[in-house]
Structures are given as structure tokens and as C-alpha cells.
Amino acid sequence: MSPAPQQAPQNAPQHAPTITHLPLSERLKPWLPVLLVPVLIVAGYFAIPQTSSWLTLTVSGLAMGMMIFVIASGMTLVFGLMDVINFGHGAFISFGAFVGTTVLLMLSSMTGAPSLFLNLLAISAAVLAAMVVTGAIGWGFERAIVRPVYGSHLKQILVTMGGLIVAEQMIYVLWGGQEIVILRPETLKGAITFAGATLEKYRLLAVAVGLVLFLAMRAVLRRTKLGLIVRAGVDNPEMVQALGYNITRVFVGVFIAGSALAGLGGVMWALYQEVITAHMGNEIMILVFVVVIIGGLGSVEGCFIGALTVGLMQNYIAFLEPKLALVSNIALMVAILMWRPMGMVPVVKAKG
Amino acid sequence: MSDPILTLKGVKTDIAQYHILHGIDLEVPRGGVTMLLGRNGAGKTSTMRTIMGLWTPRAGEITLDGTRIDGLTPSQIARKGIGFVPEDMGIFSDLTVEENLHLAALAGRPSPERMDWVFGAFPALKTFLHSTAGNLSGGQKQMLSIARAVVEDRALYLIDEPSKGLAPAIVATLARALKDLKARGASILMVEQNFSLARALGDTAAVMDDGKIIWTGTMAELSSDAALMERLMGLKMETT
């Protein structure tokens, strides 16, 4: 069924693509962001004197990165799809953490039991509750707070900030002002030793959860029609509508899913820190913003790479030069934006 | 025409505080090509966008195949059976050619025989099926935009200036494809500045100026009357 070449003269000229043999550096260019994570890990290997500390730091950096990714992925899609900046995202993290912790404390007989199955069951219940609650809050948040301010970034920043403050105060009202200590379930306490390095079990679990989630999201975005609609919507929402898809409904769905993921991230973060406060979400948000910006607004892949980079950087620098730990992520953001002003995986926007 | 596929009655559209369309009355006959002509800024694209629901009319009625569609959302209007090729082509640059086509098929995937027709008309789309659409040339993007509208049968096709900025050889390819579409009995409303293309494809014509329809009739009447054309569009045809 290939087009007959005889047809060509009256048709538009057939462009048979001729392919130049690009030098290696040119061919590597699109892959550079992907290589950033392994390069950073290798650089860490040479910078950190003991292999065992390097391994420990790498695992905790990856774990931190995965948790940030879980939180940031929804936010980057919300921005990409509807150009909405949601500062209130941090509130979903805190709510997720408090709901999840409450459930875990209620299930203390299950979390205290020395059975991996019972422990994971308790965590699953906590995660499910947290995601349902934060997804529902996200739905209400979109309706009441975000919908009236579509199209105006300034109003979005002001109004979602307000929403964040209200949500934080709600946590004080519901759970009181003290921080709550939540210990990890019995079988996830402690560490395993591998090649002389101590690797915390919980961090390994966090890495696995993040990785599975990333692969699942990627599969949905690449392989399903819903994913096509979301990706096309990031590019040109008006045309998606003109093709017959209700972009508002898709957007609300993404907003709810993003809020629920922030809730999941909140539970993961709670068990990582083993203590929760109402403003914990807000504190993580700085890292989340850095990740969303360096990844390329609207790009899930960029967000993943950015999150791992930030997580690793934070852990390596905190070990090598503790005083620089706070500065390092901002410096990383500046460096990456100088290199790629649209973020590592830039998303093409039809309109400015 | 007795049973038009699309009717506009007194349609007025504002953009911000500006009145853009001042009461459009237009009938698009079933199974033919209607050309919407006029100088730049006359309101042709605004009319197309208003029909598609991308701008909401302030007053007037739009009827597609007997059903009122004004006030519906663009996605509802598209599902009533309108295939839309916008002026800026509206290609999803991050998606592949195949994904662009897949998304346009509301029933799931485009039927194989329809895809064969599309590839026959636009072989380039088959060559670049798995390439990112953002890397296509301007002409190929326009082919993709038209292909997207025709992957399924529609009651009406709205095609906004398909020849814009394209080389004559590519315009000829597009013209052949559109003629083929017309031969299949499609109803088309098309904006076109390239008069020879308009003359080749159009059955009926409506000329706009300053947000109003100022003349309607058959394409043959218009193209045979140089004085009329000059009066309506400021267009001087070279005598061929």
C-alpha cells in the first residue's frame, strides 16, 4: 500500500528524508537530561570517600526524589493543562499526612505486629483513606477556589495561597497544634546491610513505590486515549475541545488525581520523617516548585528526572558540605535554567 | 436552498467590548462547498469560530441539521458532527502524526479504509506516521489538520484557509484531496483567500465585509463578473 512513486510528479514533491550521520554529541543532546541522574550518581561516587556512605546517601536521595515526584507530578500536569498555578497543593500533602497518620494510629495493632503483610495492609488502608480525602478536597478546591480565577496567574497565586492558609488552619482545628509522632510499622523499621552500607528498609520501599507510579503514569500518558487527551491538552486545549473532548472534565479529573497523589506523598513523607505538622506540606513545596520548574512545566518525565536530581543533590551536599545544603537546590535550579530555560524536558505550547 | 445543513440567523459575536459580527445570515447547502470570502479582517475566521462554539454569540441562532447548536460547548458541537480545520491548523506538536489522527477519531481508532484514503491523498503522512507532528513542514501540518477532520464522516466540515502560506504544488495536493472529499458528497464551509482554489472548489459563495454578509450567490456568478468581484472584495482578477 506504499504510495506509488509515479504519482509524484503531479503531487506535492515527495520528500524522501535523507539522513545525516550526526556526531555523537548531537545525538546525545536529547538524552542529556536523562543522563543527568546517572552522571550525578557517578559524580557522587567520586566525591564521597567511602563507598558505603555513598550507597546509603544514594538510596536516601532516590527515596526523597521519588516522594517529591509523587507530590509534584500532579502539580506539573495541572499547570500544563490549564495554566493553573496552585500554591494550595501543599495543603493536600499535609491533609494526606494527617489522615494517613490517624488511620495508622487507629490500626496500631496491625502496624505493631511483626508481619510484613499486616504492616503493608495498614499502610495501604492509610494511603487509601488519605487519597480519598485529599482527592475529595481537591475536587472542592478546584470548584470553589481555582475555577473562578482561570486565566489570571496573579489571582491564582493570591487565592490559592489563601486556600492554603485556610486548609492549614483547618488542620489545627481538627488535630490540634502539636506535632504528631508516627512510628514506622514494625517490619519497616531498621535497615538492611548491603555491601557494608546501611540501607533503611522504608527508603527502599519508597523508591519502589515511586518507580512503579512513574511507570504507571507513563504508560497511561503514552498508551491510552485519556493520556493522549491530557498530552494534547497541555499543548493546545482549545483544539482538544474542537475535536469533541470535554477538556474541563479531563482537567478536573487530573486535578483530583494530582491532589490524591499529593495525599499519597504526604503519607509517604510522614513515615519518612516520623513526625507530622500542619505546615509540613508548605515546607516541601519549595522543593516541589524547584522540581516542577527545572523539569519543564507540564512534563511528567522532566518532573521525574528533576525530582531525582534534587533528592540526590540534597543528600550528597548535606553530607559533603552541610552549610550548602539549603543553597544547593536553588543553585541547581539557576544552573539548569541557564542551560535549558524552558526546563529539562520543555513542553511545546501552542500559545504563549 | 431548501434543506441547508447549517443555518446562521442574525448571529452577533463580541470579543471583549468589540462587536465583531454584526448579524450574520448564512445558509450552507447540504452536499456542496460554500466559500466564505472577503478581505482580511472581514470576520470570516470569527464566523468559523462562532459556529464551532469557540466564541459564544451574543445574539442569533445557529442550526446544524435542524438542531440548535449556539450556546453549546465546542466539544458538544464537535460531537454533533463538525470537523474543524482551524486557521492555525491546531496540530498537537508533541504527539506523533498517528496519535494526532487517533485522537481525532471519536469512535476509538480510525477505520483502516479511511486511513488508506488519507494516505492516498497525503502520502507524506504515511511516511512520517511515527514522527513528532511538530517536526512536519507547514504543508504537511496542513495535510494532517485536514486528515484529522476527515478520519470519520462528519455532517459538516469547517475549513479555514487551507492554502495559507503554502507553495503551489502543496496547494494542488490539498485541492485534489478536497475535491475528492466533495465528490464523496461532503458538506463543506471553507474560508479561502486563494481565488483560483475557491473558484475550483466552490459551488456557492458568501462574501463578507465588516462583520456582515454582503453578497451570496453561486461561485460561477461571482467568478464570471469581474466588476462584482472588484466591488465586493477589492479584487482585480488577471484575465486568463
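Here is what the cut-offs are and how they apply
Every chain is numbered on its own, with residues counted from 1 as its sequence reads. Here the convention is simple: chains get letters from A, ligands get numbers from 1, in the order in which they are written. In view of the model being predicted, local features appear only for residues whose pLDDT reaches at least 70, and side-chain atom pairs are presented and counted only at 80 or more, with totals across whole chains, interfaces and linings using the full set of residues. Side-chain metrics rest on all non-hydrogen atoms present in the structure, leaving aside hydrogens and water. For the purposes of this entry, the term helix denotes a DSSP run of H or I that reaches at least four residues, the term strand denotes a run of E that reaches at least two, and both are numbered from the N terminus. Each residue's exposure class comes from its accessible area (1.4 Å probe, protein chains only) as a fraction of the maximum for that residue type: buried when under 20%, exposed when over 50%, partly exposed otherwise. By definition, residues are in contact when any of their heavy atoms lie within 4.5 Å. Calculation of accessible area relied on Shrake-Rupley with a 1.4 Å probe; when residues are assessed, cover is drawn exclusively from the protein chains displayed. The globule rule used for comparison is 2.2 Å times the number of residues to the exponent 0.38, while the radius of gyration itself is calculated over C-alpha atoms. Positive residues here are Lys and Arg, negative ones are Asp and Glu, while His and the chain termini are left out of the count. Here the site of a charge means NZ on Lys, CZ on Arg, CG on Asp, or CD on Glu. Between any two strands, at least two bridges found by DSSP are needed for them to pair. Axes, fitted as lines to C-alpha atoms, cover a helix only where it is in contact. Angles between the N-to-C directions of the axes lie from 0 to 180 degrees. Patch rule: a residue counts if its relative accessible area is over 30% and it has no salt bridge; like charges are joined within 9 Å, and nonpolar side chains (Val, Leu, Ile, Met, Phe, Trp, Tyr) within 5 Å. A pairing counts as a salt bridge when a side-chain nitrogen of Lys or Arg comes within 4 Å of a carboxyl oxygen of Asp or Glu. The pairing test for Phe, Tyr and Trp rings, Trp by its six-membered ring, is centres within 6.5 Å, and the orientation test on the planes gives stacked under 30 degrees, edge-to-face over 60, and tilted for anything in between. Pairs of N or O atoms within 3.5 Å make up the polar contacts considered here, provided that, within protein, one atom can donate a hydrogen while the other can accept it, and that residues adjacent in sequence are counted only when both atoms are side-chain atoms. For this classification, the nonpolar set comprises Ala, Val, Leu, Ile, Met, Phe, Trp, Tyr, Cys and Pro, the charged set comprises Asp, Glu, Lys and Arg, and every other residue, Gly included, is treated as polar. We define a nonpolar core as any set of buried Ala, Val, Leu, Ile, Met, Phe, Trp, Tyr and Cys residues linked to one another through side-chain atoms lying within 4.5 Å.

Right, let's talk about the overall build of chain A for a bit. Regarding its fold elements, chain A presents 14 helices and four strands. Principal-axis analysis of the C-alpha atoms gives chain A an extent of 80 × 55 × 40 Å. Expressed as a percentage of the 352 residues in chain A, the buried residues total 51%. Contacts in chain A between residues far apart in sequence, at least 24 positions, make up 77% of those at least 6 positions apart. Within the structure as shown, chain A displays about 16,300 Å² of accessible surface, and the carbon and sulfur contribution to it stands at 71%.

When you go through chain B residue by residue, the secondary structure sums to ten helices and ten strands. In terms of C-alpha radius of gyration, chain B reaches 17 Å, essentially the compact-globule figure of 18 Å for 240 residues. Viewed in the frame of its principal axes, chain B has a C-alpha envelope of about 45 × 45 × 35 Å. When contacts within chain B are restricted to residue pairs at least 6 apart in sequence, long-range pairs at least 24 apart make up 68% of them. Accessible surface, chain B: about 9,900 Å² in total, of which carbon and sulfur atoms supply 49%. Chain B carries 25 positive and 27 negative side-chain charges, and their two centres are separated by 1 Å.

The next point concerns the sheet that holds strand E9 (residues 204-209) of chain B. Residue and element names in this part refer to chain B. If you walk across this open sheet you meet the six strands as E6-E7-E8-E3-E9-E10, and the pairing is mixed. Two strands close off the open sheet at either side, each with one partner strand: strand E6 (82-85) and strand E10 (212-218). Taking the axes of each pair of neighbouring strands and ignoring which way they run, one obtains an average angle of 15° across the sheet. With six bridges connecting them, E9 and E10 associate as antiparallel partners. Bridge pairing in E10 places Asp209 opposite Lys212. Each of strand E3 (33-37), E6, strand E7 (156-160), strand E8 (188-191) and E9 is contacted by helix H1 (residues 44-52), which is oriented at about 145° to E7, the strand it contacts most. Its contacts with the sheet put helix H10 (residues 226-233) on E3, E9 and E10, and the angle it makes with E10 is roughly 160°.

Now for a nonpolar patch on the surface. Residues and elements named next belong to chain A. Taken together, the side chains of Leu24, Leu28, Trp31, Leu32, Val34, Leu35, Val39 and Trp339 define a hydrophobic patch exposed on the protein surface, amounting to about 740 Å² of accessible area. Elements with a contribution of two residues or more to the nonpolar patch: helix H1 (24-28) and helix H2 (32-47). For the nonpolar patch, the leading source of residues is H2, giving four residues. Mapped onto the fold, Val39 is located in helix H2.

What follows covers the packing of aromatic side chains. Residue and element names in this part refer to chain A. The tally for this structure, following the rule as stated, stands at 13 aromatic pairs over all chains. On the numbers, 4.8 Å between centres and 40° between planes, the contact of Phe87 with Phe289 is tilted. Of this pair, Phe87 sits in the loop between helix H3 (51-82) and helix H4 (89-106) while Phe289 sits in helix H12 (residues 280-295); the two residues are 202 residues apart in sequence, bridging distant segments of the chain. For the pair Phe98 and Trp175, a centre-to-centre distance of 5.1 Å together with 45° between the ring planes defines the contact as tilted. Within this pair, whereas Phe98 is found in helix H4, its partner Trp175 is found in helix H7 (residues 153-175), the two being separated by 77 residues in sequence. For Phe98, a relative accessible area of 1% gives the class buried. Aromatic rings pair up to connect Phe92, Phe141, Tyr150, Phe251 and Phe255 into one cluster.

By the definition in use, this model includes 19 salt bridges over all chains. In this structure, Arg218 of chain A engages Glu301 of chain A in a salt bridge whose closest nitrogen and oxygen atoms are separated by 2.7 Å. Separated by 83 residues along the polypeptide, Arg218 of chain A in helix H8 (residues 201-223) and Glu301 of chain A in helix H13 (residues 300-320) bring together distant segments of the chain. Under the relative-accessibility criterion, Arg218 of chain A is labelled partly exposed at 34%. In this structure, Glu99 of chain B engages Arg231 of chain A in a salt bridge whose closest nitrogen and oxygen atoms are separated by 3.1 Å.

Moving on to the interface of chain A and chain B. Between chain A and chain B, the contact holds 30 residues from the first and 35 residues from the second. The tally of links between chain A and chain B comes to two salt bridges. The tally of links between chain A and chain B comes to ten residue pairs in polar contact (both at pLDDT 80 or more). Counting residues per element, the ones that place at least two in the side of chain A that touches chain B are helix H9 (225-235) and helix H10 (237-242) of chain A. Top contributing element to the side of chain A that touches chain B by residue count: H9 of chain A, with six residues. Its residues placed into classes, the side of chain A that touches chain B shows 15 nonpolar, ten polar and five charged.

The next thing to look at is the sheet that holds strand E1 (residues 6-15) of chain B. Residue and element names in this part refer to chain B. In spatial order, the strands read E2-E1-E4-E5; together these four strands make up an open sheet with antiparallel pairing. The sheet is open, and its two borders are formed by strand E2 (18-28) and strand E5 (67-68), each paired with just one other strand. Note that E1 and E2 share eight bridges and pair antiparallel. For Val11, the partnering residue across the bridge sits in E2 and is Ile24.

Membership of the largest hydrophobic core comes to 189 residues, with the highest contact counts inside it found for Leu6, Leu37, Phe122 and Leu222 of chain B. Considering each element in turn, this core owes the most residues, 18 residues, to H3 of chain A. Among all residues touching Leu37 of chain B, those that are not within four sequence positions of it are Lys44, Glu192, Phe195, Ala198, Ala205, Ala206, Val207, Met208, Met219, Leu222 and Met233 of chain B.

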